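# Summary of the model geometry
Each chain, written out:
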Amino acid sequence: MFYDFTVKTRKGEDFPLSNFKGKVVLVVNTATGCGFTPQYEPIEKLYQDYQDKGLEILDIPCNQFGGQAPGTDDEIHEFCTLNYKTTFTQMKKSDVNGDNELPLYTWLKAEKGFVGFQEHKYKAILEKKFAAEDPNWASKPDIKWNFTKFVIDREGNVVARFEPTADMADVEACIKTLL
């Protein structure tokens, strides 16, 4: 269950996800140098609009996709607060795939696998890139790119996975149904 996991804050302290009991949580792996980085703006807007109704954001920077999250945890935090005025808590930069992936991500991917990219200007580029690397890429639950989002309900269940190509209005609509 979601609440059984612990992640590290950007300062390296343990953060039990049981702190979010009774909340709706948007879990997102982020990067500061990605074509999807401007999604920080609508994510912050979600936080501002719905935090008082029970929404929390779990931002986990990740440098596994094209090295697009360079820098220290403090540098990433500074970038986000200066450029996107983010106020939600950022965790320590972590892996979301592979041998060193966070156990949280092992569980999230088992709960909601990849179901395809939505229509977006980057859809064809991403599909071509992944097909060249692995003909079976679409059948694997791995996180494909930065800004993949999982929505967790108030009971700790994964209710949705949104790829970075998803319209943020769809993410918001899902969250609103749970608040």
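Described below are features of the structure shown in this document. None of the values given here were measured: they were computed from a predicted structure.

### Regarding the packing of helix α1 (residues 40-50) against helix α5 (residues 168-178)
Between α1 and α5, the least distance of the axes is 11 Å, while the angle of their chain directions is 25°. What the angle tells us is that α1 and α5 run roughly parallel. Note that α1 runs across α5; the crossing there is right-handed. In this structure, α1 uses Pro42, Ile43, Leu46 and Tyr50 to contact α5, whose residues at the interface are Met168, Val171, Glu172, Ile175 and Lys176. For the contact of α1 with α5, the per-class residue count stands at 7 nonpolar, no polar and 2 charged.

### Describing α5
For α5, every residue scored as buried is listed here: Met168, Val171, Cys174 and Ile175. Viewed end-on, α5 has its buried residues packed into an arc of 120°, placing them on one side of the element. For α5, the elements touching its buried residues are β3 (24-30), α1, β4 (55-61), β5 (149-152) and β6 (158-162). Looking at where α5 begins, the residue whose side-chain oxygen comes 2.7 Å from the main-chain nitrogen of alanine 169 is aspartate 167.

### What to know about the nonpolar core
The biggest cluster of nonpolar side chains holds 56 residues, and the ones touching the most others in it are Phe2, Val27, Leu58 and Leu104. With sequence-adjacent residues up to four places away left out, leucine 104 is seen in contact with Phe2, Phe5, Val7, Leu17, Val27, Leu58 and Ile60.

### Thoughts on the packing of aromatic side chains
Enumeration over the complete set of coordinates arrives at 17 aromatic pairs. Taking 5.7 Å as the distance between ring centres and 40° as the angle between the ring planes, the aromatic pair formed by phenylalanine 5 and tryptophan 107 counts as tilted. Separated by 102 residues along the polypeptide, phenylalanine 5 in the segment before β1 (6-8) and tryptophan 107 in helix α3 (residues 103-111) bring together distant segments of the chain. Since its relative accessible area comes to 16%, phenylalanine 5 is described here as buried. Judged by its relative accessible area of 16%, tryptophan 107 is buried. Geometrically, the ring pair formed by tyrosine 40 and phenylalanine 147 is edge-to-face, given 5.3 Å between the ring centres and 90° between the ring planes. Taken together, the residues tyrosine 40 in helix α1 and phenylalanine 147 in the loop between α4 (123-133) and β5 connect sequence positions 107 residues apart. The residues tyrosine 40 and phenylalanine 147 share a single accessibility class, namely buried. Here the aromatic cluster, defined as three or more aromatic residues joined through ring pairs, consists of Phe65, Phe114, Phe117, Phe130, Trp137 and Trp145.

Cut-offs and rules
- Residues numbered from 1 in each chain as written.
- Predicted model: local features only at pLDDT ≥ 70, side-chain atom pairs only at ≥ 80, totals over all residues.
- Heavy atoms only, no water.
- Axes fitted to C-alpha atoms, helices over the stretch in contact; angles between N-to-C directions.
- Helix = DSSP H or I, 4+ residues; strand = E, 2+ residues; numbered from the N terminus.
- Parallel < 35°, antiparallel > 145°, perpendicular 65-115°, else oblique.
- Left-handed = near helix turned anticlockwise from the far one by under 90°.
- Contact = heavy atoms within 4.5 Å.
- Nonpolar A, V, L, I, M, F, W, Y, C, P; charged D, E, K, R; others polar.
- Buried < 20%, exposed > 50% of the residue type's maximum accessible area, 1.4 Å probe, protein only.
- Arc of directions from axis to C-beta.
- Polar contact = N/O pair within 3.5 Å; in protein donor to acceptor, adjacent residues only side chain to side chain.
- Core = buried A, V, L, I, M, F, W, Y, C linked by side-chain atoms within 4.5 Å.
- Phe/Tyr/Trp six-rings, centres within 6.5 Å; stacked < 30°, edge-to-face > 60°.

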